[in-house]
Amino acid sequence: ETFPACSLAVVADRFTPDTTSDVAAGMLIPHTAPGTPIHVQKQWFKETFTYLFAISNSAEASEAGIHPVSGWQIFKSTPKEELPFWSDIVLGFRPMSEAELQKFPQHRFGQAFTTLKCDCPPYLLWLEKRLKAKDVQLYTRKVANLWELHSEYNIVVNCAGIGAHQLVGDQKLFPVRGQVLKVHAPWVKNFVRDGDGLTYIYPGIHSVTLGGTREKESWSLSPDPSTTKDVFDRCCSLEPSLQRAQDIRVKVGLRPTRACVRLQKEVLSQGGAKLLVVHNYGHGAGGFSTHWGTAKEAARLVGECIAYLQGSSSRAKL
Ligand SMILES: Cc1cc2nc3c(=O)[nH]c(=O)nc-3n(C[C@H](O)[C@H](O)[C@H](O)COP(=O)(O)OP(=O)(O)OC[C@H]3O[C@@H](n4cnc5c(N)ncnc54)[C@H](O)[C@@H]3O)c2cc1C
Ligand SMILES: O=C(O)CCC(=O)C(=O)O
């Protein structure tokens with residue numbers, strides 16, 4: 001949309017419903033990345049929230065799987081930071097009242113707010129539909145080396161997630177394994193997140209996501225039955241009605257984690273040839289929360305690559 005004169009293709013070895021993004025709860029709750037200034041993270045979150053809020057307020061909302069969701073983040077003791085940097089972007093952020101806290105007898109402090117949730121796969125399918133409507137080609141293919149794309153494309157945008165560890169040999173990128181359950185419990189309407197980030201209940205349009213785990217450097221995609229029981233028990237202790245949940249499905253994903261998202265241009269050179277690359281990966285536990293903001297920045301960097309190519313072709317003509 002930003003560069004209508006360019007043609008675009010998406011090359012991936014897995015599409016929805018088989019990506020990490022399909023495992024995610026898709027909640028808009030940012031995680032702080034130590035290597036990116038807070039004001040930049042805030043901007044990415046704000047741009048993403050504003051964009052998705054408009055979709056949630058349109059006729060597209062149900063097909064796109066975007067909806068507001070209200071609930072509580074609860075803490076066993078008052079956190080150091082009572083006002084997270086994103087508190088003025090989500091809606092109606094406020095401390096929980098004593099009466100609300102009675103629902104959670106183990107917890108002493110809480111924050112109530114309304115945020116947005118992207119239901120996957122519907123959101124990814126909707127994005128794919130938008131791409132196809134613009135004649136974007138989707139190719140299923142594993143790329144072993146970015147140079148494989150050199151003969152066909154002028155610019156490569158690398159959005160490989162955890163796949164970038166192998167694809168570009170990024171040793172700063174590591175997996176944080178997450179195991180969640182997707183259950184049928186349509187009576188659960190409010191989200192609940194323990195402030196430790198480990199236990200959460202996120203109701204979506206079609207299922208409720210129950211989490212979770214955060215296992216650094218674990219590459220295993222196999223579900224662990226004892227973890228399933230542990231996650232289920234932890235969620236039931238916060239929301240006892242989940243004991244009647246049905247159709248429990250277990251999902252595992254690897255969060256593509258780094259100190260900061262890698263969002264930068266790189267000019268690769270090989271035997272006199274050049275390949276322009278824009279990297280946009282390493283979103284960790286916050287890929288949904290920041291995806292539109294980081295994509296806008298990636299598009300700006302693509303614009304710089306186009307200007308570079310136009311400059312070098314006019315120099316070549318001279
Ligand atoms: C359990 C869990 C819960 C989560 N919940 C949330 C949440 O509530 N909110 C939130 O904001 N975030 C959440 N996340 C984080 C979020 O899922 C990630 O940040 C996000 O999915 C990363 O998206 P991505 O597009 O970079 O990676 P992916 O979704 O993994 O997409 C990468 C794509 O690149 C392709 N690819 C990779 N390597 C190659 C290659 N060599 N050749 C060809 N194609 C390749 C893959 O096939 C895939 O299509 C959660 C993650 C997990 C695991
Ligand atoms: O931490 C959160 O609550 C949102 C992200 C998430 O659900 C996860 O990474 O497991």
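Residues numbered from 1 in each chain as written. Chains lettered and ligands numbered in written order. Predicted model: local features only at pLDDT ≥ 70, side-chain atom pairs only at ≥ 80, totals over all residues. Heavy atoms only, no water.

Of all residues adjacent to ligand 1, which total 31 residues, the nearest are D13, R14, S21, V143 and G284. Take G26: an N or O atom from its main chain is 3.1 Å from an oxygen atom of ligand 1. Note that a nitrogen atom of ligand 1 is positioned 2.8 Å from one of the backbone N or O atoms of M27. Here ligand 1 has 1000 Å² of accessible area as a free molecule, and 90% of this is covered by the chains. (Near = heavy atom within 4 Å. Polar contact = N/O pair within 3.5 Å; in protein donor to acceptor, adjacent residues only side chain to side chain. Areas by Shrake-Rupley, 256 points an atom, 1.4 Å probe, with all protein chains shown as cover.)

The subject of this paragraph is the site of ligand 2. Neighbouring ligand 2 are the residues H31, R193, Y200, Y202, R214, R255 and A285. Within the side chain of H31, a nitrogen or oxygen atom sits 2.6 Å from an oxygen atom of ligand 2. The side chain of Y202 places a nitrogen or oxygen atom 2.3 Å from an oxygen atom of ligand 2. When the free accessible area of ligand 2 is taken as 280 Å², the share hidden by the protein chains comes to 92%. Grouping the amino acids of the shell around ligand 2 by side-chain chemistry returns three nonpolar, one polar and three charged. (Nonpolar A, V, L, I, M, F, W, Y, C, P; charged D, E, K, R; others polar.)

Turning next to the nonpolar core. If you look at the biggest cluster of nonpolar residues, it comprises 30 residues, and the most contacted ones within it are L52, W86 and Y123. The contact partners of L52, leaving out residues within four places of it in the chain, are L28, I66, L116, C118, Y123 and H291. Ranked by size, the runner-up nonpolar core spans 21 residues in total, among them W72, M96, V183 and L238. (Core = buried A, V, L, I, M, F, W, Y, C linked by side-chain atoms within 4.5 Å. Buried < 20%, exposed > 50% of the residue type's maximum accessible area, 1.4 Å probe, protein only. Contact = heavy atoms within 4.5 Å.)

So, on to the sheet that holds strand β13 (residues 262–270). Reading across the sheet, the three strands line up as β6-β14-β13 and stay open at both edges, with mixed pairing between neighbours. At either end of the open sheet lies a strand with only one pairing partner, and these are β6 (155–158) and β13. This sheet shows a mean twist of 20° between the axes of neighbouring strands, independent of strand direction. Bridge count for β13 against strand β14 (residues 273–281) is nine bridges, and the pairing is antiparallel. The residue of β14 that forms the bridge with E266 is V277. (Pairing = 2+ DSSP bridges. Helix = DSSP H or I, 4+ residues; strand = E, 2+ residues; numbered from the N terminus. Axes fitted to C-alpha atoms, helices over the stretch in contact; angles between N-to-C directions.)

What follows concerns the environment of S218. With respect to the helices, strands and loops of the structure, S218 is situated in the loop between β11 (215–216) and α7 (225–238). Classification of S218 by relative accessible area gives buried; the value is 19%. For the pair S218 and R177, spaced 41 residues apart in sequence, the C-alpha to C-alpha distance is 5.7 Å. Here S218 is in contact with P175, R177 and L254, once residues within four sequence places are set aside.

Moving on, we get to the packing of helix α2 (residues 38–56) against helix α5 (residues 122–133). Here α2 crosses α5 at 90°, and the two axes come no closer than 14 Å. Taken together, α2 and α5 sit at an angle that is classed as roughly perpendicular. Between α2 and α5, the contacting residues are Y51, L52 and I55 on the first element and Y123, W126, L127 and R130 on the second. (Parallel < 35°, antiparallel > 145°, perpendicular 65-115°, else oblique.)

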